[in-house]
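# Geometric and topological summary
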Amino acid sequence: MTKNIRSIRPASAAIAISLTSQNAPLALQPGEQLVADFNNAKVSLKDALAIAERQAGGGKAYEAEVEREGKAVAYEIKVALADKEQEVKVGPDGQVMKD
């Protein structure tokens with residue numbers, strides 16, 4: 001199951017976030033395991049967006065997918081550059097992950 005969320009960044013740029021679960025149904029309800037997964041992440045979505053933009057050499061993050069990575073979350077972020085797009089995966093510890 002996938003949950004889509006639209007969010008507005010401070011620069012008024014809309015981003016789409018898809019939350020997916022590979023091993024269990026995903027429901028954004030109190031007590032859901034996903035909340036604990038976010039609490040186990042050492043980096044927030046906001047910080048992951050900034051990390052992805054730096055890793056891509058500039059540009060603007062415009063889409064993020066949040067996935068379980070062990071007992072925390074990882075972020076797959078698409079960054080728009082001048083003439084292309086780059087996907088960057090940021091782990092729960094804030095490190096850029098290789099595919």
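Before reading on, note that the structure itself is shown above.
What you see is a predicted model; the values in this text were computed from it and never measured.

Take the overall build of the protein next. Across its full length, the protein carries 2 helices and 6 strands. Counted from the first residue to the last, the protein has its helices and strands arranged as β-β-α-α-β-β-β-β. Split into buried and exposed, the 99 residues of the protein put 36% on the buried side. Taking all contacts inside the protein whose residues are at least 6 apart in sequence as the whole, residues at least 24 apart take part in 41%. On the protein, roughly 6,200 Å² of surface is accessible, and the fraction owed to carbon and sulfur atoms is 48%.

Thresholds, definitions, all that
- Per-chain numbering applies: the sequence of each chain, read as written, is numbered from 1 onward.
- With pLDDT at 70 or above as the cut-off, local features in this predicted model cover only qualifying residues; side-chain atom pairs require 80 or more to be listed or tallied, and sums for whole chains, interfaces and linings still use all residues.
- Only hydrogens and water are removed before side-chain values are computed, so all heavy atoms of the structure are retained for them.
- Each helix is a run of H or I in the DSSP string that is no shorter than four residues. Each strand is a run of E no shorter than two, and both are numbered from the N terminus.
- Relative accessible area decides the class of each residue, using a 1.4 Å probe on protein chains only: under 20% of the type maximum gives buried, over 50% gives exposed, and in between gives partly exposed.
- Here a residue-residue contact requires only that any non-hydrogen atoms of the pair lie within 4.5 Å.
- Each accessible area is a Shrake-Rupley result for a 1.4 Å probe, and residues are judged covered by the shown protein chains and nothing else.

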